[in-house]
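Here are the chains, one letter per residue:
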Amino acid sequence: MSEIVNPEHREPDPRHLQIEPHRHLIDDKVWKQTGITEYFDTTSQKRIMTLPRDSESAALHGQLVDKRISVYPMFGADNQSILLGVPNDSRTVQSSLRFIARDVVRYKEIFTQVGNVLGRCALYGLGLPGRTIERPVLASVAFSLNTTETFGGNVHLLPPYSFEHAKSKTEELQELRRELVASSYISSAVASELIAATSLGWEHARERS
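As the structure is a computational prediction, the values presented were derived from the model and not from experiment.

1. A look at the nonpolar core
Of all hydrophobic cores here, the largest spans 48 residues; its most connected members are V93, I110, F111, L157 and L180. When sequence neighbours within four positions are dropped, the list of residues in contact with L157 reads L64, I69, S70, V71, V117, C121, P129, S140, V141 and F163.

Structure (structure tokens):
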């Protein structure tokens, strides 16, 4: 637990422990723009993300669930916020690249799932996650472990949900490739392999609709 939370820093509610900054799914700039918060709830022993109830992301969340786009499940709600339950080990795909690079054969399935999420967003006319809130695409999707999955994990689209309607599949994959090669962990050859997996997942989204 010490890797996830810092017991020396507390939110106003003493049951809510702050997430360590290096484990945040939402960075400070995005948090200030959107009012989304993250904390660890000691009562439920769950990691929680809150969305302001009157926000666009809160309104979109139910639509994404209905369209079977992978997002975090709703954990509860109050007058100000809706609460999402987040796996304790969740990291953005961007911050997981150093782990992915160690076992590309196994973990490229993450990118197949990323492609499936992107493909479903496009298929249902939502648009594609983009930089409208100054966030890389790979930071708009999170990865967490799941032993029931063949490769051991799942991906989820992260709030704040922000889409670009004019973006094509080719443009989205090009942007993903730029983000990958900009990382010190991913070579050009590996980036090509991961983009191919993303494209495959995208096509599967169409096949299963």
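2. As for empty space enclosed by the protein
Under the criterion given, the structure shown has 1 cavity of 30 Å³ or more. Every residue lining the largest cavity is counted, 11 residues in all, and those nearest its centre are P129, R135, S140, P160 and S162. Its residues assigned to classes, the lining of the largest cavity shows 7 nonpolar, 3 polar and 1 charged.

3. Thoughts on the pairing of strand β9 (residues 141-145)
Taken residue by residue, a regular strand's side chains alternate between the two faces of the sheet. Across the 5 residues of β9, 4 count as buried, placing the element largely inside the fold. For strand β7 (residues 91-92) and β9, the ladder comprises 2 bridges, and the chain directions are antiparallel. Bridging across to β9, R91 finds its partner in F143. Judged from the 5 bridges that link them, β9 and strand β10 (residues 153-157) form a sheet pairing that is antiparallel. Its bridge partner lying in β10, A142 is registered against H156.

About the cut-offs
- Residues numbered from 1 in each chain as written.
- Predicted model: local features only at pLDDT ≥ 70, side-chain atom pairs only at ≥ 80, totals over all residues.
- Heavy atoms only, no water.
- Core = buried A, V, L, I, M, F, W, Y, C linked by side-chain atoms within 4.5 Å.
- Buried < 20%, exposed > 50% of the residue type's maximum accessible area, 1.4 Å probe, protein only.
- Contact = heavy atoms within 4.5 Å.
- 1 Å grid on protein atoms, 1.4 Å probe; cavity = no way out; pocket = protein on both sides within 12 Å on 5 of 7 lines; lining within 4 Å.
- Points joined across faces, edges and corners; volume = space filled by probe spheres on them.
- Nonpolar A, V, L, I, M, F, W, Y, C, P; charged D, E, K, R; others polar.
- Helix = DSSP H or I, 4+ residues; strand = E, 2+ residues; numbered from the N terminus.
- Pairing = 2+ DSSP bridges.

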